Amino acid sequence: MAAGGGSVADPLSPAGVPCAFSPQSQAYFALASTDGHLRVWETANNRLQQEYVPSAHLSGTCTCLAWAPGRLQAKETPQRKKRKSEAIGTSNQTDLLALGTAVGSILLYSTVKGELHSKLISGGHDSKVNCIQWHQDNGYLYSCSDDKHIVEWNTQTCKVKCKWKGDNSSVSSLCISPDGKMLLSAGRTIKLWVLETKEVYRHFTGHATPVSSLLFTTIRPPNESQPFDGITGLYFLSGAVHDRLLNVWQIRSENKEKNAVMSFTVTDEPVYIDLTLSENKEEPVKLAVVCKDGQVHLFEHILNGYCKKPLTSSCTIQIATPGKGKKATAKPIPILAAGFCSDKMSLLLVYGNWFQPTIERVALNSKEAHMCLVRDISNCWAPKVETAITKVRTPVMNAEAKVLVPGIPGHQAAIKPALPQTEEIENKRKLGENEVSIEERLGALDIDTRKEKDDLPQTNSFPVLLAQGLESNDFEMLNKVLQTRNLNLIKRTVLRMPLHAVIPLLQELTKRLQGHPNSAVLMVQWLKCVLTVHASYLSTLPDLVPQLGTLYQLMESRVKTFQKLSHLHGKLILLITQVTASEKTKGTTCPAQKAKLVYEEESSEEESDDEIADKDSDDNWDEEDEEEKESIKDEDVDEENEEEDEDAEEKDEENGEDRDVASEKELNGDSDLDLENESEEE
């Protein structure tokens, strides 16, 4: 029996529209679109069976939905006698469908009657309902909301049976255990509740973002020899918002660790999950995950304990349109939901748009790792807005018609001359007639013949060109994209590029980094953006090390010489700064300055000469002859006698001059007092 999953991963995303297959045979597919309409489709013939529009479909849009189990159909319908035709018609139909709204109310819609069955409002939630789960035995309904509470509803009386606080933040998902005695709730953390006492039995932590989906994967524990209490040893699956990993947990005793035992990796955020329950330890669990990028990943694994590495998908299914013409490229068709059939060997795929989805049954082939289904959905019905704009018919204008416009009486509108018929244009020209050149024709048409530069592609086409160039290995196309120097354009291109092109882009950048240094400068900017933007995706790849081994070796070899180059760079900068400083000092001239005062000591020079002479005489001491000493003494005595005679003569002359001056003063009558006064004045 396939377990349906239809929890909303991200309400803001277009792929997060609530939808679910009916239980047991998957005969119906319910879909609550963004316009507030509920549509129920038959999966066998892809026909719209019912469409319901709630009264508050604009203010209280549907945020989640859940089908009631098949065994509850007889309990919910009123007890009365049925006609034969009614009994035959309702025997194979699923009845109740629970709808959670954005205002906190819950609607129960009956697909048999085609109308609203009841409303669950009083005493319930004050905010948006995030998830709804039916109890498979007693018919109770469990709901969680952004108001942090979990509510247990009695659908027969339409009243609240119990309400308790589930988390410190909003509660985003619920799941009931196979035996119906436990309840899993998830917000920031995952809690296992005992439904009878409303107490927490276990805690599980490991997701960084709010958990969006919870599903039990096994019914029996792997070790069947030990006694089973209904919950210990079971595995369950959880997925979180903006997370590309699906974690698998095992409910163990309290002394065991509470981390995830294994994980499944996908290419994008999961929006719909369906699986087949494993009833014994030898039966593998089959998992179908619909991602936000429109692909389906299939997993098949036996849950038998801890697994360190994330498990990759065994098969990927993608749908695309056939390309019309030689140059046309195939466009992918998003897959909206996928569910296993009762035989577990085929899959129901819902693809296309939400207003008119296409439902197809596909047989699973485990030998192929990638399946691409080519489907043409152009003939499918789509709402045409143009026909609903106006119903006014525009008359067909003829050349003979006369158009009258408002204005001055007597004036008529200018009527364009009738175009010549095609037969006259196609007549053969006469021989010898001069033909008009193309330049003259363009001049007559008044068309600007200047050509614009179309070498560079538009910025919005860079991601498309990059993906096409990587797939076709077109060197010129890749050069147009990778040789840009605009950092903002590089970031936008990396953000919009598809995920499957990240590894080929890194390999192409590795090749170009080994080339010319000028091109390596540009490639480093691309490499930086790719590693920062898609780091979370690259971390989920199990074979990342062998794929990026050459890039790692290249970076390591470049970094080895970086320290030596930095030392050399520092020394060169030091030398250059010293050279420039010396050149500046040479170029500058000192200002001319004259000394106001110069002081020189003559005695110091003579003394220094005498000292030097004494030192030389001491160092070079030689014994002289006595005769030389005596001759030197005689010469010194003669020189002294001559100097004394000269001094005596000079004194006599000075005394004679003084006497003459004194005699002249006496004759003139000058006294000695006057001489003293003059000397004082001088």
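Residues numbered from 1 in each chain as written. Predicted model: local features only at pLDDT ≥ 70, side-chain atom pairs only at ≥ 80, totals over all residues. Heavy atoms only, no water.

Under an unreviewed UniProt entry, the name given to the chain is WD repeat-containing protein 43, and the source organism is Ceratotherium simum simum. The Subcellular location (unreviewed entry) field of the UniProt record for the chain holds the comment "Nucleus". The heading Sequence similarities (unreviewed entry) in the UniProt record of the chain holds the text "Belongs to the UTP5 family." (UniProt positions renumbered as here; feature names shortened; annotations may be inferred.)

Right, let's get into the overall build of the chain. A count of helices and strands for the chain gives 16 helices and 30 strands. Here the chain holds 682 residues, and 37% of them are scored as buried. Sequence-distant contacts in the chain: of pairs separated by 6 or more residues, those separated by 24 or more amount to 51%. Here the chain displays about 44800 Å² of accessible surface, and carbon together with sulfur accounts for 51% of that area. (Helix = DSSP H or I, 4+ residues; strand = E, 2+ residues; numbered from the N terminus. Buried < 20%, exposed > 50% of the residue type's maximum accessible area, 1.4 Å probe, protein only. Contact = heavy atoms within 4.5 Å. Areas by Shrake-Rupley, 256 points an atom, 1.4 Å probe, with all protein chains shown as cover.)

What follows deals with the sheet that holds strand E9 (residues 115-120). If you walk across this open sheet you meet the four strands as E6-E7-E8-E9, and the pairing is antiparallel. The sheet is open, and its two edges are formed by strand E6 (62-67) and E9, each paired on a single side. The mean inter-strand angle of the sheet, taken between neighbouring strand axes irrespective of direction, is 25 degrees. The pairing of strand E8 (residues 106-110) with E9 spans five bridges and is classified as antiparallel. Bridge pairing links Leu108 to Ser118 in E9. (Pairing = 2+ DSSP bridges. Axes fitted to C-alpha atoms, helices over the stretch in contact; angles between N-to-C directions.)

What follows covers the confidence of the model for the chain. For the chain, the average pLDDT comes to 76, and 68% of its residues sit at 70 or higher. In the model, residues 381-393 has pLDDT below 50 throughout and makes one contact with residues more than four positions away in sequence or in other chains. (pLDDT = per-residue confidence, 0-100.)

One finds Leu466, Leu482, Leu505, Leu506 and Trp526 to be the most contacted residues of the largest nonpolar core, which totals 33 residues. For this core, the secondary-structure elements that each account for two or more residues are helix H5 (462-472), helix H6 (475-482), helix H7 (487-496), helix H8 (502-513), helix H9 (517-533), helix H10 (535-539) and helix H12 (549-560). No other element matches H9, which puts seven residues into this core. When near neighbours in sequence (up to four residues on either side) are disregarded, Leu505 contacts Leu466, Leu470, Leu482, Met497 and Val530. Ranked by size, the runner-up nonpolar core spans 32 residues in total, among them Val290, Leu336, Val362 and Met371. (Core = buried A, V, L, I, M, F, W, Y, C linked by side-chain atoms within 4.5 Å.)

Moving on, we get to H9. Counted at 1.5 Å a residue, the expected span for H9 with its 17 residues is 24 Å, and the 25 Å between its end C-alpha atoms agrees. Residues Ala520, Leu522, Met523, Trp526, Leu527, Cys529 and Val530 constitute the buried set of H9. Buried residues in H9 make contact with H5, H6, H7, H8, H10 and H12. (Expected span 1.5 Å × (residues − 1).)

Counted according to the given criterion, the structure contains seven salt bridges. Between Glu283 and Lys344 there is a salt bridge, with the nearest N and O atoms lying 2.9 Å from each other. Of this pair, Glu283 sits in the loop between strand E22 (270-276) and strand E23 (285-291) while Lys344 sits in the loop between strand E27 (335-340) and strand E28 (346-352), and the two are 61 residues apart along the sequence. (Salt bridge = Lys/Arg side-chain N within 4 Å of Asp/Glu carboxyl O.)

The next thing to look at is the pairing of strand E10 (residues 129-134). For E10, a buried count of five out of six residues is recorded, marking the element as mostly surrounded by other parts of the structure. As paired elements, E10 and strand E11 (residues 140-145) share five bridges and run antiparallel to each other. By the bridge assignment for E11, Gln133 is matched with Tyr142. Linking two consecutive strands that pair antiparallel, namely E10 and E11, is a turn of five residues; a positive phi of about 80 degrees is found at Gly139 within it.

Turning our eyes to something else, we now look at H8. Helix length check: H8 (twelve residues) gives 16 Å between terminal C-alpha atoms against 16 Å at 1.5 Å per residue, within 8%. Among the twelve residues that make up H8, nine are buried, leaving the element largely enclosed by the rest of the structure. Within the sequence span of H8, burial applies to Val502, Ile503, Leu505, Leu506, Glu508, Leu509, Thr510, Arg512 and Leu513. Those residues of H8 that are buried are in contact with H5, H6, H9, H10, helix H11 (544-547) and H12.

Counting across every chain of the model gives zero disulfides. Note on Cys62: no disulfide assigned, nearest cysteine sulfur contributed by Cys64 at a separation of 6.3 Å. On the basis of relative accessibility, which here comes to 17%, the residue Cys62 falls in the buried class. Cys144 takes part in no disulfide bond, and the closest cysteine sulfur to it belongs to Cys131, at a distance of 5.0 Å. (Disulfide = S-S within 2.5 Å.)

Another point: the side chain of Lys191. Tracing the sequence through the fold places Lys191 in strand E16 (residues 190-194). No salt bridge is formed by the buried Lys191, whose closest oppositely charged neighbour, Asp167, lies at an N-O distance of 4.2 Å. At 3.3 Å, the side chain of Lys191 forms a polar contact with the backbone oxygen of Gly166. In this view, Lys191 contacts Gly166, Asp167, Leu183, Leu184, Ser185, Val200, Arg202 and His203; residues no more than four positions away in its chain are not counted. (Lys, Arg positive; Asp, Glu negative; His and termini not counted. Polar contact = N/O pair within 3.5 Å; in protein donor to acceptor, adjacent residues only side chain to side chain.)

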